[in-house]
Structures are given as structure tokens and as C-alpha cells.
Amino acid sequence: MISIPHKAKQFLVLLVKLLVVGGAFYFIYNQLANNDKLDWHKFIILFRKNQSVLGIGFILLLSVLNRFFEILKWQNLAQVIHPISLAEATKQVLAALTAGIFTPNGVGEYAGKALYYPKYEAKKVVFLNLICNGIQMILTIIFGVFGLLYFNALYHVITSKTVLILFGGFLLILTVLFSIKTISIRGYSIEKLIHKINEIKKPVHYKNIILGICRYLVFSHQYYFLFLAFDVDLPYLTLMAAITSVYFLASSLPTFQFLDFAVKGSVAIYFFGIPGVNEWIVVFISTLMWFLNVVLPVVIGSYYVLNFNTKTKA
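Within each chain, residues carry numbers counting from 1 in the order of the written sequence. Residues qualify for local features only when their pLDDT is at least 70, as the model is predicted, and side-chain atom pairs are given and counted only at 80 or more; totals for whole chains, interfaces and linings, by contrast, use all residues. Note: side-chain values were computed over all heavy atoms of the structure, leaving out hydrogens and water.

**Let's talk about the overall build of the protein**
So, step 1. Put simply, DSSP H or I for four residues or longer makes a helix, DSSP E for two residues or longer makes a strand, and each gets a number counted from the N terminus. Across its full length, the protein holds 12 helices and 0 strands.
So, step 2. Going residue by residue from the N terminus, the α and β elements of the protein occur as α-α-α-α-α-α-α-α-α-α-α-α.
So, step 3. For the protein, with 314 residues in total, the buried portion stands at 41%.
So, step 4. A contact between two residues is defined here by any heavy atoms of the two lying within 4.5 Å. For the protein, contacts bridging at least 24 residues in sequence account for 75% of all contacts bridging at least 6.
So, step 5. If you sum the accessible surface of the protein, you get close to 17900 Å²; carbon and sulfur atoms cover 71% of it. Note on exposure labels: buried denotes an accessible area under 20% of the residue type's maximum, exposed denotes more than 50%, and partly exposed covers the range between, all computed with a 1.4 Å probe on protein chains only. Here, Shrake-Rupley sampling with a 1.4 Å probe gives the accessible areas, and only protein chains in the shown set may cover a residue.

Here it is, written out as C-alpha cells:
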């Protein structure tokens, strides 16, 4: 095996750090500067009309809470390996978010967290991160399905027959998956996965679910309050049904973190266009949600990436 000199290794690590951070900031700038659907003039007029220090502070607080609940979720799950402080959990979550910003569906986030643990714990870290993200996806599906059904009852986007076919197809897929749960692929099976999940203490799972619900309620209502700030006058349940539907459908599409607002924005334009919400408002709110909940944490996470301890863990 070729041995890399210590100085050269340090330089390569620094180069990788700079590439990750530089790439993250480039993609952020590129998406904000070259999006021709963002009408900044209209935004400034509306902002001046409705500007409120308390309102801005409240929206920023929701962004902090959104990421805070995610940090608490990871701190809760990481104790399966060994207990970590809130500060350490914050570092791992934000650095991993930065590392995963330009990977499909944030895959780089898994590797980002694993770097903070010994190599022999890497598989366990990936598994725990899967549970951390998995509960959020399950909640997105549950809320999203109810949101879609309610939205469809209001606006008849698809027929009742199509709803029943889709629901039946979903149940069929679940039935097939659990009927073949003993089939193993490269040593992995659904039965083995369920067994590994059950090995984790129930209080850890309960706390993970509660924190996941709190996080979902925070970011979905942040979306809701932004619509109110942009003078969108729709009933609460109608707005929430559209929001949960958008998150459900957008989350099922493969995407990159830095394109997250574009994907959600495209789906949102369709759903909010049905009750008559102006397209530019939908695009702006989707962009603001991305900026507040991805860009700002990535800026902080960049600090942790640049200061990552390069010493290999035993």
C-alpha cells in the first residue's frame, strides 16, 4: 500500500474541506441568482408593507426549532452507540447536512455523521441515521395521505376510483414486502431489519417519534405562516392540506438538497395554483423555506466541516 506523507495528507483533507464548503456555497448562490421566477421587486414591496420585527423573529425561531428537534433526534439515537452532548450532536448534524447538500437525497449526510465515529461503528451510525430520517419520512407519508385525501375532497383533482386504486396498490405493496420479509439480499432482509430496530430500547423509539412529530409540525406551520405573511387568504385546513400534500409528493422524488426548493416549488405551484394562489408567491415561499431551513444551517455547518478533526479514530 502506498503511504501518503503526513503533510500531503493534511493538504488533501484541507482541499476536500474547501471543495465541500465551496461547492455548497456555489450551488446556493447559483440557485438564488439564476432563478428567473423570483420577482425580487414584488417581494420587496410586500416585505415593506408587512414587515414586522416580531414576525421575522417568529419565522426565524421556527427555523431554529426545526433544526433543534432534528439535533435532539440525533442525540437521542446516538446514545445507542454512546451518549453525546447537545453541542456534539449539533456539530454532527450541521456538518453532515453541509456534506450532503449536493448528494442525491442527502446521502452524503450518512457519511458525514459516520466520520465522527470509529470505523467499526460506521454501519451502526448509518443504520441509526436511517431510523432518524425514516421516522420523518413515515410521518410525511401519514400526514401527506390525509392531506391529499382532504385536498382531493375539496377540489376533485383525481376521481374516487383512482384514490381507491392507489390505496389498494399501496396495501398490495406492503403485503408483498412483508410476505417476502425472510428473503435475504446480500445478508439483508426486512425481517433482519425489523429485528435490529427492535433491539433498540422502546423509550428511544418513542422519543424519536415525538421529536419527529414536533419537527414536522414546526416546518409545516412555518410554511403556513409564510403564506399568511404573503397575504394568502385561504382556510387553515385547505392550506395545511396543500402543504402536507406538497411535502409528501416532493419527498417521494429523488433530488439533491440544493435543488430541494426547486422540486418542492414545482409541486407547490401545481397544488396552490388550484385554489388560485399566485405562482410568484408560491415560488418565493418555497425559496424562503429552503433558505431558512437548508442554507442557514449549511452556513453554520461549513464552520464545523472546516474545523473537522482529521485524526483517524480507532
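**Brief notes about the packing of aromatic side chains**
So, step 1. Each aromatic pair joins two rings of Phe, Tyr and Trp (for Trp, the six-membered one) with centres within 6.5 Å, and gets the label stacked for planes under 30 degrees apart, edge-to-face for over 60, and tilted for any other angle. If you walk through the whole model with that rule in mind, you get 17 aromatic pairs.
So, step 2. With centroids separated by 5.5 Å and ring planes inclined at 70°, the aromatic side chains of Tyr-303 and Tyr-304 adopt a geometry described as edge-to-face.
So, step 3. Residue class for Tyr-303 comes out exposed when judged on its relative accessible area of 53%.
So, step 4. Using a relative accessible area of 21% as the deciding quantity, one classes Tyr-304 as partly exposed.

**Concerning helix α6 (residues 122-155)**
So, step 1. To estimate the expected span of a helix, count its residues, drop one, and scale the result by 1.5 Å. Across its 34 residues, α6 extends 47 Å between first and last C-alpha, which sits within 8% of the 50 Å expected from 1.5 Å per residue.
So, step 2. Just downstream of α6 lies His-156, where phi reads positive at about 50°.

**Things to note about the nonpolar core**
So, step 1. Counting 31 residues, the largest nonpolar core has Tyr-223, Phe-227, Ile-243, Phe-272, Val-277 and Ile-285 as its most contacted members.
So, step 2. Elements that contribute at least two residues to this core include exactly α9 (202-229), α10 (236-251), α11 (260-273) and α12 (279-306).
So, step 3. Among residues more than four places away in sequence, those in contact with Ile-243 are Ser-220, Tyr-223, Tyr-224, Phe-227 and Phe-272.
So, step 4. One finds Ala-78, Leu-128, Val-204 and Val-305 within the second-largest nonpolar core, a separate group that totals 20 residues. Throughout this description, the term nonpolar core refers to a set of buried Ala, Val, Leu, Ile, Met, Phe, Trp, Tyr and Cys residues connected via side-chain atoms within 4.5 Å.

**Observations concerning a nonpolar patch on the surface**
So, step 1. Like-charged residues are merged into a patch within 9 Å and nonpolar side chains (Val, Leu, Ile, Met, Phe, Trp, Tyr) within 5 Å, provided each residue has over 30% relative accessible area and no salt bridge. Salt bridges, as used here, are contacts in which a Lys or Arg side-chain nitrogen is within 4 Å of a carboxyl oxygen on Asp or Glu. A cluster of nonpolar side chains, namely Phe-58, Leu-61, Val-64, Phe-68, Leu-86, Phe-225 and Leu-228, defines an oily patch on the protein surface of about 560 Å² accessible area.
So, step 2. For the nonpolar patch, the elements supplying multiple residues, two or more each, are α3 (53-78) and α9.
So, step 3. Broken down by element, the residue count for the nonpolar patch peaks at 4 residues, all from α3.
So, step 4. Tracing the backbone shows Leu-61 in helix α3.

**Things to note about the pattern of salt bridges**
So, step 1. One pass over the full model with this rule turns up 4 salt bridges.
So, step 2. When the shortest N-O distance is used, the salt bridge between Glu-70 and Lys-73 registers 3.3 Å. You can see Glu-70 and its partner Lys-73 sitting in helix α3, 3 residues apart, about one turn around the helix. The two residues Glu-70 and Lys-73 agree in class, both being buried.
So, step 3. The partner of Lys-91 in a salt bridge is Glu-88, with the nearest N and O atoms 3.3 Å apart. Taken as a pair, Lys-91 and Glu-88 lie in helix α4 (residues 86-99) at a separation of 3 residues, close to a single helical turn.
So, step 4. For Lys-91, a relative accessible area of 27% puts it in the partly exposed group.

**Remarks on the side chain of Ser-286**
So, step 1. Examined against the element boundaries, Ser-286 turns out to sit in helix α12.
So, step 2. Among the polar contacts made by the side chain of Ser-286, one reaches the main-chain carbonyl oxygen of Val-282 at a distance of 2.9 Å. Counted as a polar contact is a pair of N or O atoms within 3.5 Å, where, for protein atoms, one must be capable of donating a hydrogen and the other of accepting one, and residues adjacent in sequence contribute only when both atoms are in side chains.

**Some words on the packing of α3 against α4**
So, step 1. The axes are straight lines fitted to the C-alpha atoms, using for helices just the contacting stretch, and the angles between their N-to-C directions are given from 0 to 180°. At a minimum axis separation of 9 Å, α3 and α4 run at an interaxial angle of 110°. Looking at the two axes, α3 sits roughly perpendicular to α4. Relative to α4, α3 is oriented so that their crossing is right-handed. Contacts between α3 and α4 involve Arg-67, Phe-68, Glu-70, Ile-71, Leu-72, Trp-74 and Gln-75 from the former and Leu-86, Ala-89, Thr-90, Gln-92, Val-93, Leu-94 and Leu-97 from the latter. In what follows, roughly perpendicular refers to angles from 65 to 115 degrees, roughly parallel to angles under 35, roughly antiparallel to angles over 145, and oblique to any angle outside these ranges. Less than a right angle of anticlockwise turn of the near helix away from the far helix marks a crossing as left-handed, whereas a clockwise turn marks it as right-handed.

**Quick notes on the UniProt feature "transmembrane region" (unreviewed entry) in the protein**
So, step 1. UniProt positions are given in the numbering used here, feature names are shortened, and annotations may be inferred rather than shown by experiment. The sites that carry the UniProt feature "transmembrane region" (unreviewed entry) are, in the present numbering, residues 12-32, 52-69, 126-151, 163-188, 209-230, 236-259 and 280-306.
So, step 2. Along residues 52-69 one finds 94% helix and 0% strand; the C-alpha atoms at either end are 26 Å apart.
So, step 3. Between the end C-alpha atoms of residues 209-230 there is a gap of 32 Å, over a span that is 95% helix and 0% strand.

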